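# Structure at a glance
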Number of protein chains: 2
Amino acid sequence: MVEQLDGIITQKSFEIIDSEIGKHSFTAEEYAIVRRAIHATADFELAQLIRFSPGAIEQGIASIANRKPIITDVGMVKQGVATMIAKTFQNPLICAIEHASTPLPGKTRTETGLLKVAEEFPDGIFVIGNAPTALLSLCSQVGQGLVQPSLVIGVPVGFVSVVESKMLLAQTPIPQIRIEGRKGGSAVAAAILNALMVLAFCNG
Amino acid sequence: MVEQLDGIITQKSFEIIDSEIGKHSFTAEEYAIVRRAIHATADFELAQLIRFSPGAIEQGIASIANRKPIITDVGMVKQGVATMIAKTFQNPLICAIEHASTPLPGKTRTETGLLKVAEEFPDGIFVIGNAPTALLSLCSQVGQGLVQPSLVIGVPVGFVSVVESKMLLAQTPIPQIRIEGRKGGSAVAAAILNALMVLAFCNG
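These numbers were taken from a predicted model, which means no experiment stands behind them.

### Some remarks on the overall build of chain A
- In terms of regular secondary structure, chain A is built from 9 helices and 6 strands.
- Relative to the 2.2 N^0.38 estimate, which gives 17 Å for 204 residues, the radius of gyration of chain A is 16 Å and therefore close to what a compact globule would have.
- In terms of principal-axis extent, the alpha carbons of chain A reach across some 50 × 35 × 30 Å.
- Across the 204 residues that make up chain A, the buried fraction comes to 58%.

### Some remarks on the sheet that holds strand β4 (residues 125–128) of chain A
Residues and elements named next belong to chain A.
- Pairing within the open sheet is mixed, and its 6 strands lie in the order β1-β6-β5-β4-β2-β3. In the strand order of this sheet, the two ends are held by β1 (50–52) and β3 (93–95), each with one partner. On average, each strand axis in the sheet is inclined to that of its neighbour by 15°, with strand direction left out of account.
- Docked against the sheet, helix α2 (residues 28–41) engages β1 and β6 (176–179), running at close to 145° with respect to β1.
- Relative to the sheet, helix α6 (residues 109–120) contacts β2 (70–72), β3 and β4, its axis offset from that of β4 by approximately 165°.

### Points about the relation of the copies chain B and chain A
- Under the fitted operation, chain B is carried onto chain A by 0.0 Å of movement along the axis and a turn of 180°, and the coordinates agree to an RMSD of 0.0 Å. Those values place the two copies in the arrangement expected of a two-fold rotation axis. The C-alpha atom lying nearest the rotation axis in chain B is that of M76 of chain B; the distance is 2.6 Å.

### Points about the side chain of D73 of chain B
Residues and elements named next belong to chain B.
- Looking at the element boundaries, D73 is found in the loop between β2 (70–72) and α5 (75–87).
- Of note is the side chain of D73, whose polar atom sits 3.1 Å from the backbone nitrogen of G129.
- Of the polar contacts made by the side chain of D73, one reaches the backbone nitrogen of N130; its length is 2.7 Å.
- The residues contacting D73, other than those within four sequence positions of it, are C95, A96, I97, T110, V127, I128, G129, N130, A131 and A134.

### Structural notes on the packing of aromatic side chains
All names here are of chain B.
- Counted by the stated rule, this structure contains 5 aromatic pairs over all chains.
- Ring geometry for F26 and F52: centres 6.5 Å apart, planes at 80°, overall edge-to-face. Of the two residues, F26 is situated in the loop between α1 (4–20) and α2 (28–41) and F52 in strand β1 (residues 50–52); the sequence distance between them amounts to 26 residues.
- Residue class for F52 comes out buried when judged on its relative accessible area of 19%.

Rules of the game
- Residues numbered from 1 in each chain as written.
- Chains lettered and ligands numbered in written order.
- Predicted model: local features only at pLDDT ≥ 70, side-chain atom pairs only at ≥ 80, totals over all residues.
- Heavy atoms only, no water.
- Helix = DSSP H or I, 4+ residues; strand = E, 2+ residues; numbered from the N terminus.
- Rg over C-alpha atoms; globule rule 2.2 N^0.38 Å.
- Buried < 20%, exposed > 50% of the residue type's maximum accessible area, 1.4 Å probe, protein only.
- Pairing = 2+ DSSP bridges.
- Axes fitted to C-alpha atoms, helices over the stretch in contact; angles between N-to-C directions.
- Contact = heavy atoms within 4.5 Å.
- Least-squares fit on C-alpha atoms with pLDDT ≥ 70 in both.
- Polar contact = N/O pair within 3.5 Å; in protein donor to acceptor, adjacent residues only side chain to side chain.
- Phe/Tyr/Trp six-rings, centres within 6.5 Å; stacked < 30°, edge-to-face > 60°.

Shown next, in the form of C-alpha cells:
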C-alpha cells in the first residue's frame, strides 16, 4: 500500500470523531458520510445540519456503481473527488464551470456551465459545493421536467441565495443529501461523495 | 466584466459578514483576510481562531508582488488559488503532492512532495490547507536552516497532528498566518491567499 501512513492517519481521525460525536441516531451508512464530512472540516455542527432524503444513500451507491456521470459545480470539488473516482468506479467526471468561459446574461459562470452539462447528462450525480446559483438552476430544471438527477449533493456555502437554494432542493422529489443553512463548501461536497464511493466500492 | 454577477454576489456576501461579525480589533488588511475566510466557510469562529505574526501581511503582499513561487500542499488548494493567481501576478504555482507519486518510508505522500519542492523553492510562499505532516516537515526544515519561506499560511484541518503542527509553526520566526486548533482546510487556505493577492494587486 503506497498510502499506508495516510490511511492510518485517516483511521485514527475517525476514531477520535467516534469518541467525541456523542449520541446520534444515524444509520451506519449515514454515519460513514457524516464522519467523513466532519473529518474534512473539524466541524461537528455538520452532524446537526446534514439531511438525507429517504433512499438517497442507496440510490447514490447504485448510481455510482452503475458509473453514472458525476457533475461538480466548481474545480475544487472536482479536484477533491478525482482521486477516489480513479481508484474505484472511474465514473465520467465533469466540472460545470469549465463548460462556460463566458456567463449567459444575468447568470453566473457556474450556473451557465451547469445548464449546459445538465442538458447533456440529465440523470447524472450532481455535486454542488460552491454555487447556489447552480443549485437553483438545477432545481428549476427538475421542476420543468428537463432533468432527473440520480442524486444531488446540495451543499453550497455562503451568504447569498445559499439557504434558499437548499430549501428549493428540499422541495424536489430528487434523491438528495444536503447541509442545511449557510455551511457546506467544496471540502464537504467532496467528502460526502467520497464517503458514498467508499460505501459503493466496499458493498460491491 | 465577464464575471459581473459573481462579483456582485461576493460584494453582497461581504456586506452581510460586515453586518454580523460584531466588534473586532482587526486592522483593515487583517479583516480583508478574515472576511474572505468566513465567506468561504460561513464559519464566523475563524475570526476567533486566526493568528497573524507581526508583519506577515506586508511580507506576504511584497512576496506575492515579487512573484515568489507559491507552493500548496494538495490539489484542492492549488485549484482554489489558480484563477486569482492567473488574474494577478502569475506567480509560479507548485503542488507538493503532485511531486510524490510514492511516499518516502514513514512519510505521507504530501510530506514527501513537500520535502522535494521545499528544496527547490526554499523561500517560496507555502500554503498548507490539508496535511499537518507537510507543515511539520516544513517547520523542521526551517529549524535546520534549510528553508526560509517568505510566508507560511498554516491552516491544515483535522484531528491528528494538526494542533501540534500549528503550535510548532507558531514557534518559528517565519512570517505566518494560522488558524489555531483543528479547523482550517483547503477552502480556508485558498481564501487567505486569494485575499492577500487582492490586497497586493490593489495596493500595487
